[in-house]
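Each chain, written out:
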Amino acid sequence: MDLTGFSHIEVLGAREHNLKNIDVSIPRNQLVVVTGISGSGKSSLAFDTIYAEGQRRYMESFSAYARSFLGNMERPDVDKIEGLSPVISIEQKTTSKNPRSTLGTVTEIYDFLRLLYARASEAYSYLSGEKMVKQSIDQIIGTLLSQFAQGKVILLAPVIKGRKGHYRELFVQIAKWGYTKVRVDGEVMDIEPKMQLDRFKVHDIEVVVDRLVISEDERVRLSQSLQTAMNVGKGQVFVLDASNKLHYFSQTLMDPKTGLSYDEPAPNTFSFNSPYGACPCCSGLGVIEEITEESVIPDTSLSILRGAIAPIGEYRELWIFKQLEVLLKPYQVSLSTPISKFPREAVELMLYGTDEPVPVPSKKYVGSEWNSKYDGIINFLKRQQESGSEKTQDWLQDFLVIKKCPECQGYRLKREALHFKVADKHIGELAQMDITELATWLANLESRLSERQVQIGSEVLKEIRKRVSFLTQIGLTYLTLDRPMKTLSGGESQRIRLATQIGTQLVGVLYIMDEPSIGLHQRDNEKLIQALKDLRDLGNSVLVVEHDKDMMLESDYILDIGPGAGRHGGQIVGSGTPAEFIKLGTPTAQFLNGSLAIKAPEKRRMGNGFSIELKGATGNNLKGVSVKFPLGKFISVTGVSGSGKSTLIHDTLVLKLKQHFDRAKRDPLPFKSMTGLEHIDKIIEVDQSPIGRTPRSNPATYTNMYTDIRALYCELPESKIRGYKAGRFSFNVKGGRCEDCEGAGRKKIEMEFLPDVLVACETCKGKRFNRETLEVRFKGKSISDVLDMTVEQALEFFENQPRIHRRVQTLSEVGLGYITLGQHATTLSGGEAQRVKLAEELSKKDTGKTLYVLDEPTTGLHFQDVKLLLDVLQKLVDKGNTVLIIEHNLDVVKVSDYVIDMGPEGGNAGGQLVASGTPEEICKVKGSETGRFLKKEMK
């Protein structure tokens, strides 16, 4: 029993979704794993019941006035929950899509670095490289007395530096201040009435404050004049000596050689999300979108007639082709000449235009010409980029190439910000270090700092080190601070939030997590389990929805939900400490104690004898990797997190194949050569991105099954009598849908400073269609009832409809029997979305020469479901296809025919091929982390 007086969280009568009125007792202040087969009700218990009730109670703690703005949260379908602490949910779907959100900003490490640089950095001039100085009036007087003793000088106060304008009003103002002379562009002159300069030229203007001889006797006058000059020059003063040489002095940061000055640094000077710090060229994004010659003319072997210029396509009766015909005549080339044979001048003229009018002969008025300006293809596209419509902007995406910003070199900050240094490093360099490098740089940093810097920065450095150590603790050492959050996997972003939570040092909280082990190698998994234990040891309760074997065995308590998925689940089938649990007879317990297992095949496939060979891949952290992918086999790509698996497969191999087969626009990362592409005829990539961004997208629409279902309902006698067409049964167009919710079935309620809440539509009660549409029934079921069916129910319902049945069957085969046909895409996990895509691909006819690429398809899968999925994938390989999987699950790795192991570490210490061969061969390689764990699994 803890301070709350409760030893357990008691959940009584939980009925949310498929839960069967269950009572659960969860021990507090322990690491509890909720497991069970996919769709058994784990998330319904953890998130939709316990977390939802915790959130509702938090909302009820607000005043009645605050709640009137927020609305009421619906109570989950449960009788009673006792012993509930404040709840924090760490899910996978919280990855920000904003390119400005980076690892550094989310973990606050970058914010503390900004503070450190604003207060303890040293400034250097970007012109001379000299250290910037700032001096007090007394220091300046001392310098002048020593350097210019008995010498004549002019004290100048700068008011304009390198700007255009006529400055008539400024001269009037200076005269009103009582000054008679100014120095304009290096020349001292008297101020005259109506005096003005050339407004189109760049000018430097200084006010002549005083002319005097520097001596100890004149110290008081010198001091007063300097003070006056500082006031007029806003902290800066120039001294012109007898030889007409200028010397610079400042109370702010200034380069004594060139007179360059910086503003006093503030934290937002180093923020790429603030106009004070962001690079003006790329607006703080580090990259720019550029229209390049290569993107406009992708294939120089083609002629203009055959569509060499991608934006205008093949020849048509258009004005631009007539202009090009005239322009190219002097170069002895025509529209039918391949671009590769064009002289360089002709290509430049075609792309960048000319100021000379182009005389195009008129067909209507023979003998006369139309003279018109020709802008050039690239100039025209740039103009459209700035002012074109949304549709035009989408079209332009095909011709835009993302490049590192030439001004800031990808550091995202203004030039001045990159010249403030701590221990010889500017903040941009730190942001591009991975966590391991950053930790090394931070070690003994104080010994490289001045006493003043140590005094100012000691507290800030303590906070930075603490956060860096948390990221190290959960195995994310290969990430860099400037890594955009949108490029991270669900598992990575979840672990970053976990590190942030450990850093908050809260006590007495209930943390609920959704498969934090996703994307983790077994070695890094050990670090994650330790991090969760640390969170527990602080005095918190940790509830994890998880399928990982190690996590279960290391937990304090296991809760197994089942026995089946969907309507066959929703019951507690086993619970207890790991030692008690593995003695039970549940499928999960049997997989843990070894009585059930996914067995390695006795014989590995030999393949078809062909292979794709990739040589010299150097993208991101890859170090000239050369690797063979044998075809007709089941291939697993493994390696610790950040070792370069995704770079090798998705960003190099897949992009090259997509370019080859589908004419994709995106270029692969650099490599030397790739051979063997002729041995496959198509590539199918099945990733974990959502099947749709809105609740309107669902498994039925994604797999095209809904088109056949609507066609079936159109053919019913009732529909024919009423004259209903397919559109009547669509929830996306007017006619048959409920117009109150526009066919969504739910309405979004904006919650001001909390996430939006979706509530069922009051008119159609969530059915999406109007009453007339729902009156059309097939086997007693309306179209809405069909969308509410699980895949398993639909199998039975559509058994005599072969087209529909085939698609439903594939969803069932990949272990999705528990999801409903109309389940909103936004509620599907990454693993479920991936399996829906896999089902869609499986329903198509394969050629026997297809390469399937999957990224961790076992995400969210129980041991039993992994077995099911492997059966489906093995069938694909048996037909002669090749299946390539990026995977950490050792059950998948051990059944593979061929394994490619990357490493040896993550980030800069990775990017090499550690081993390749059969699982048995990998086990024998000494430096392979995968081999070390695989050896235990294959005994």
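For the structure, check the block above.
Q: Would you take a moment to explain the overall build of the protein chain for this structure?
A: Within the protein chain, the regular secondary structure consists of 33 helices and 35 strands. A principal-axis box enclosing the C-alpha atoms of the protein chain has dimensions of 105 × 95 × 65 Å. Counting every position in the protein chain, which comprises 939 residues, the buried fraction comes to 51%. A fraction of 68% describes how many contacts in the protein chain between residues 6 or more apart in sequence connect residues 24 or more apart. A total of about 43,800 Å² of accessible surface is found on the protein chain, and carbon and sulfur atoms cover 50% of it. Once the 122 positive and 121 negative side-chain charges of the protein chain are each reduced to a mean point, those two points are 3 Å apart.

Q: How should the sheet that holds strand β25 (residues 611-617) be read in this particular structure?
A: Adjacent strands of a sheet pair through backbone hydrogen bonds, lying either parallel or antiparallel. Spatial strand order, β26-β25-β28: 3 strands in an open sheet with antiparallel pairing. Each edge of the sheet is formed by a strand with only one pairing partner; in this case those strands are β26 (625-630) and β28 (673-675). Strand after strand, the sheet turns through a mean of 5° between neighbouring axes, direction not considered. Sheet analysis places β25 next to β28, joined by 3 bridges and oriented antiparallel. Note on β28: the bridge partner recorded for Lys-615 is Ser-673. Helix α21 (residues 645-662) rests against β25, β26 and β28 of the sheet, and its axis sits at about 120° to β25.

Q: Quick question: what am I supposed to make of the pattern of salt bridges here?
A: A side chain with one charge may pair with a side chain of the opposite charge, provided their charged atoms come close. Evaluated as defined, the whole model comprises 50 salt bridges. Between Glu-317 and Lys-322 there is a salt bridge whose closest N-O contact spans 2.9 Å. Looking at Glu-317, the relative accessible area reads 55%, which means it is exposed. By relative accessible area, which is 21% here, Lys-322 ends up partly exposed. For the salt bridge of Asp-556 with Arg-536, the shortest nitrogen-to-oxygen distance reads 2.9 Å.

Q: Mind showing me how you'd approach helix α1 (residues 42-60) here?
A: Residues spaced three or four apart along an α-helix point in a common direction, a consequence of the helix completing one turn every 3.6 residues. Between its first and last C-alpha atoms α1 spans 26 Å; for 19 residues at 1.5 Å apiece the expected length is 27 Å, and the two agree. Of all the bends found along α1, the most pronounced is centred on Ala-52 and spans about 30°. Burial in α1 covers these residues: Lys-42, Ser-44, Leu-45, Ala-46, Phe-47, Thr-49, Ile-50, Ala-52, Glu-53, Gly-54, Arg-56 and Met-59.

Conventions and cut-offs
- Residues numbered from 1 in each chain as written.
- Predicted model: local features only at pLDDT ≥ 70, side-chain atom pairs only at ≥ 80, totals over all residues.
- Heavy atoms only, no water.
- Helix = DSSP H or I, 4+ residues; strand = E, 2+ residues; numbered from the N terminus.
- Buried < 20%, exposed > 50% of the residue type's maximum accessible area, 1.4 Å probe, protein only.
- Contact = heavy atoms within 4.5 Å.
- Areas by Shrake-Rupley, 256 points an atom, 1.4 Å probe, with all protein chains shown as cover.
- Lys, Arg positive; Asp, Glu negative; His and termini not counted.
- Charge placed at Lys NZ, Arg CZ, Asp CG, Glu CD.
- Pairing = 2+ DSSP bridges.
- Axes fitted to C-alpha atoms, helices over the stretch in contact; angles between N-to-C directions.
- Salt bridge = Lys/Arg side-chain N within 4 Å of Asp/Glu carboxyl O.
- Expected span 1.5 Å × (residues − 1).
- Bend = angle between axes of the 7 residues up to and from the residue.

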